[in-house]
Amino acid sequence: MLRAVKKEYGQHFLRDPNILEVIGRLADLGPDDVVLEIGPGDGVLTRYLAEHVRLIHAVEIDRELEPALSGLPDNVDLVFGDALQIELPQDATKLVANLPYNVDTPLLVESLDGLPNVGQWCVMVQREVADRLFASSGTKDYGAVSVLVQLAAERTGFHPVSRWVFRPPPNVDSALVAFRRKELPADFPRLKRVVAASFAHRRKTLPYSLALAGLTTRERAAGALAAIGQQAEVRAEALAPADFVALTRALE
């Protein structure tokens, strides 16, 4: 009998083995890789990864999945806990996962600087999230996660995925997105705060948004924008990722 999934954990388990080969290709798996998998579910992807890499750190929040994850290969280190709360393994060189849909964006953002040894990502996310990651400025999909991911990485692969490869099928389609790390801009934690504050009130001008977040005054924000050649009336979606690096420096 199939176990019922838990909606609060955003669980959608892979059931189509053909998608595993796509993941392996986009992730460029190698025998020396140390992979972090968040949300292994019932272990379909975990067992596939174990055949191709040296070590897997699998982090699962749902203790009731322990029977389904019993008997994993010896090169799998299984930990039960909330990936947003526990300390994640720092030796991971790749993040490969069918990410839980309710936490995919915060997990990705935190991994950019929180897991500095991760050089490649290959993640299954909702299609709308996938479209945001590398959206262009000025588009409706462009937001804080777009800026941060594009400053930290370059996209290397994209593969649309039907909802019917999962059990249960989600209400939306998904996509695999692969990307490779670039050198992080200086003071990335402060940059993250500036970017988050900038997009927190999308309909307001940037000086107003930054002041509402308590990062600076409207006057100082307007002066910093002028210093990088931007008008005080500009909104966050009009700035390219590199503009946010310049803005963060100007605000100092």
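Nothing here was measured: the structure is a model prediction, and the numbers come from that model. (Residues numbered from 1 in each chain as written. Predicted model: local features only at pLDDT ≥ 70, side-chain atom pairs only at ≥ 80, totals over all residues. Heavy atoms only, no water.)

**Notes on the pattern of salt bridges**
This model, assessed by the stated rule, comprises nine salt bridges. For the salt bridge of Glu110 with Lys192, the shortest nitrogen-to-oxygen distance reads 3.5 Å. Pair noted here: Glu110 is in helix α3 (residues 104-114) and Lys192 is in helix α6 (residues 188-199), with a separation of 82 residues, a long-range link. (Salt bridge = Lys/Arg side-chain N within 4 Å of Asp/Glu carboxyl O. Helix = DSSP H or I, 4+ residues; strand = E, 2+ residues; numbered from the N terminus.)

**Let's talk about the confidence of the model for the protein chain**
Within the protein chain, residue pLDDT values average 93, and 96% of them lie at 70 or more. This model gives residues 1-10 a pLDDT under 50, and the stretch forms 22 contacts once residues within four places in sequence are excluded. (pLDDT = per-residue confidence, 0-100. Contact = heavy atoms within 4.5 Å.)

**Re the packing of aromatic side chains**
One pass over the full model with this rule turns up five aromatic pairs. Geometrically, the ring pair formed by Tyr142 and Phe199 is edge-to-face, given 5.9 Å between the ring centres and 75° between the ring planes. With a gap of 57 residues between them, Tyr142 in the loop between α4 (127-133) and α5 (144-152) and Phe199 in helix α6 connect regions that are remote in the sequence. With respect to burial, Tyr142 and Phe199 carry one shared label: buried. Residues Phe199 and Phe244 carry aromatic rings whose centres are separated by 5.7 Å and whose planes lie at 35° to one another, so their mutual orientation is tilted. On the criterion of sequence distance, the pair formed by Phe199 in helix α6 and Phe244 in helix α9 (residues 241-251) is long-range, its members being 45 residues apart. (Phe/Tyr/Trp six-rings, centres within 6.5 Å; stacked < 30°, edge-to-face > 60°. Buried < 20%, exposed > 50% of the residue type's maximum accessible area, 1.4 Å probe, protein only.)

**Notes on the packing of α6 against α9**
In a pair of packed helices, the angle between the axes and the distance between the axes together describe the arrangement. Their axes nearest at 10 Å, the elements α6 and α9 cross at an angle of 105°. Our classification of the angle between α6 and α9 gives roughly perpendicular. Packed against α6, whose contacting residues are Arg190, Leu191, Val194, Val195, Ser198 and Phe199, the element α9 presents Phe244, Val245, Leu247, Thr248 and Leu251 at the interface. A class-by-class count of the residues in the contact of α6 with α9 yields eight nonpolar, two polar and one charged. (Axes fitted to C-alpha atoms, helices over the stretch in contact; angles between N-to-C directions. Parallel < 35°, antiparallel > 145°, perpendicular 65-115°, else oblique. Nonpolar A, V, L, I, M, F, W, Y, C, P; charged D, E, K, R; others polar.)

**Digging into the nonpolar core**
Leu95, Leu99, Leu133, Phe179, Phe244 and Leu247 are the most contacted members of the largest nonpolar core, which has 52 residues in total. When neighbours within four sequence positions are excluded, Leu133 is seen to be in contact with Leu108, Val145, Ser146, Val149, Gln150, Val177 and Phe179. (Core = buried A, V, L, I, M, F, W, Y, C linked by side-chain atoms within 4.5 Å.)

**Overview of the pairing of strand β5 (residues 94-98)**
The element β5 is extensively covered by neighbouring structure, given that five of its five residues are classed as buried. Of the two faces of β5, the one carrying Lys94, Val96 and Asn98 and the one carrying Leu95 and Ala97 are both buried. Where strand β2 (residues 34-38) lies against β5, two bridges are found, and the strand directions are parallel. Across the sheet, residue Leu36 finds its bridge partner in β5, namely Leu95. Between the parallel pair β5 and strand β6 (residues 120-126), the chain is carried across by α3, and the sense of this crossover is right-handed. (Pairing = 2+ DSSP bridges. Right-handed = clockwise from strand over helix to strand, strands pointing away.)

**Quick word on unusual backbone geometry**
Residue Asp28 is not a glycine yet carries a positive backbone phi of 50°. Within the secondary structure layout, Asp28 lies in the loop between α1 (18-27) and β2. Even without being a glycine, Asp187 presents a positive backbone phi close to 50°. Note on placement: Asp187 falls in the loop between β9 (174-181) and α6. Relative accessible area serves as the criterion here: at 41%, Asp187 is assigned to the partly exposed category.

**A closer look at the sheet that holds strand β3 (residues 55-60)**
Within the open sheet, the seven strands sit side by side as β4-β3-β2-β5-β6-β9-β7. Their pairing is mixed. Edge positions in the sheet fall to β4 (76-80) and β7 (153-161), since each of these pairs with one other strand and no more. Here the average twist between neighbouring strands, direction ignored, is 20°. Bridge analysis of β5 against β6 gives five bridges, and the strand direction is parallel. Its bridge partner being in β6, Lys94 is matched across the sheet by Gln120. Contacts from α5 reach β7 and β9 within the one sheet, and its direction differs from that of β7 by about 120°.

**Some details on the environment of Leu151**
Residue placement: Leu151 occurs in helix α5. Residues in contact with Leu151, not counting those within four places in the same chain, are Lys182, Glu183, Pro185, Leu191, Pro241, Ala242 and Val245.

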